[in-house]
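Architecture at a glance
Listed below are the residues making up each chain.
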Amino acid sequence: MDLKITPLTGSVGARVEGVSLDSLSDEEFAAIREGFLKHQMLVFRGQHAKPATQIEFGRRFGKPVVTAMLDPLEGHPELVQITKVDKETTATEAWHYDAPFVEVPAKISILSAVTVPNGGDTMWSNQYAAYERLSDGLRATLDTLKVRFRGIRLARMMKHTGEIPMAVHPLVRTHPETGRKALYLGHRENACIDGWTQEESNQLLEWLYAQSVVPDNIYRHQWAVGDLVMWDNRCTMHYAVHDYDEQPRALNRMTLEGEVPA
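First things first, this report covers the structure right here in the doc. (Residues numbered from 1 in each chain as written. Predicted model: local features only at pLDDT ≥ 70, side-chain atom pairs only at ≥ 80, totals over all residues. Heavy atoms only, no water.)

1. Side note on the packing of aromatic side chains
Selection rule: Pairing of aromatic rings covers Phe, Tyr and Trp, the last through its six-membered ring, and needs centres within 6.5 Å; plane angles under 30 degrees mean stacked, over 60 mean edge-to-face, and all others mean tilted. Each residue is placed in one exposure class: buried if its accessible area under a 1.4 Å probe, protein chains only, is under 20% of its type's maximum, exposed if it is over 50%, and partly exposed if it falls in between. Criterion for a charge above a ring: Lys NZ or Arg CZ within 6 Å of the ring centre, and within 35 degrees of the ring normal.
Under the counting rule described, the total for this entry stands at nine aromatic pairs. Arranged with centres 5.4 Å apart and planes meeting at 75°, the rings of Phe57 and Phe61 form a pair that is edge-to-face. Take Phe57 and Phe61: they sit in the same class, and that class is buried. Cluster of aromatic residues (ring-pair linked, three or more members): Phe29, Phe36, Phe44, Phe57 and Phe61. The ring of Tyr131 has Arg139 sitting right over it, with the charged end atom 5.7 Å from the ring centre. Stacked on the ring of Tyr128, the Lys or Arg Arg180 has its end atom at 4.1 Å from the ring centre.

Have a look at this one:
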């Protein structure tokens, strides 16, 4: 194979080269899957993946699912097109996982860049490392806690007026394929430790956030048209930087049904 997988940082992410997603062999897919589980997120440059290619590739990892409160792309019900939103109401300019406020959150997200602005980078952090760096005593305490997640920020961004989804998940989840433990946090506006007051919860969640996103635990991606990026929502958080003002932006997003966090 010509396929090559190169780490992007010492903590999270890898670049995949020498492969076309339009004609992916079983051997190539197996290598990609292995690299994905090892590096938590993968970058494919210059793919210019059409919706059909993105959908076919994603289906090899699992069943497509559209996040609550989002509308599918016309003609392609498996995809959602992420476009420019007002900075004041954006839900993604905070460290987060995709849709933790549903009972069965998406396990994998895949973005294909159609139109990109100057700026608009996305960052990822390794939540395995964030958990493993904590003391034994703190990890033992966190292992017993759960978090109430609510889709408040997404509802505001989408001008959703119906019931806001809510789910309760462990603060520490075990990856069903690797067996490793990862932090599963929530933004203070969207989350509260179950059984705690919001004030009590904010103190711990904010501290854990700070530990999770130190510089040596982050990869920052500068988008180019044709990029395809995929990440594991079970062990990474991500943050979309909103610094591109009125410039157009369009990325086709596919998410795959996961498992009830445990």
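More follows now that the structure is in view.
2. Describing the sheet that holds strand 12 (residues 191-193)
Pairing between the strands of a sheet comes from backbone hydrogen bonds, and it takes one of two forms, parallel or antiparallel. Rule in force here: Any two strands between which DSSP finds at least two bridges are classified as paired. Each helix is a run of H or I in the DSSP string that is no shorter than four residues. Each strand is a run of E no shorter than two, and both are numbered from the N terminus. Axis definition: a line fitted to C-alpha atoms, over the contacting stretch in the case of helices. Angles run 0 to 180 degrees between N-to-C directions.
Taken together, the three strands give an open sheet; going across it, the order is 9-8-12, and neighbouring strands pair in antiparallel fashion. Sheet topology places strand 9 (166-170) and strand 12 at the edges, where each strand pairs with a single neighbour. Shown here is a sheet whose adjacent strand axes are inclined to one another by a mean of 25°, direction ignored. In this structure, strand 8 (residues 146-150) lies alongside strand 12, joined through three bridges in antiparallel fashion. For Arg148, the partnering residue across the bridge sits in strand 12 and is Cys192.

3. Quick notes on the side chain of Asp121
The following threshold applies: Pairs of N or O atoms are called polar contacts if they sit within 3.5 Å, as long as, within protein, a hydrogen donor faces a hydrogen acceptor (for residues adjacent in sequence, only side-chain-to-side-chain pairs). Residues are treated as being in contact if the distance between any of their heavy atoms lies within 4.5 Å.
With respect to the helices and strands, Asp121 occurs in the loop between strand 6 (106-115) and strand 7 (122-126). For Asp121, a relative accessible area of 8% gives the class buried. In terms of polar contacts, Asp121 uses its side chain to reach the side chain of Arg220, at 2.8 Å. Apart from the residues within four sequence positions on either side, Asp121 is in contact with Arg220, His221, Gln222, Trp223, Tyr239, Ala240 and Val241.

4. Considering the environment of Asp245
In this structure, Asp245 sits in the loop between strand 15 (236-240) and strand 16 (250-257). The class of Asp245 is exposed, set by a relative accessible area of 58%. With 127 residues separating them along the chain, Asp245 and Asn118 place their C-alpha atoms 9.4 Å apart.

Read these as geometric descriptors, not functional statements.
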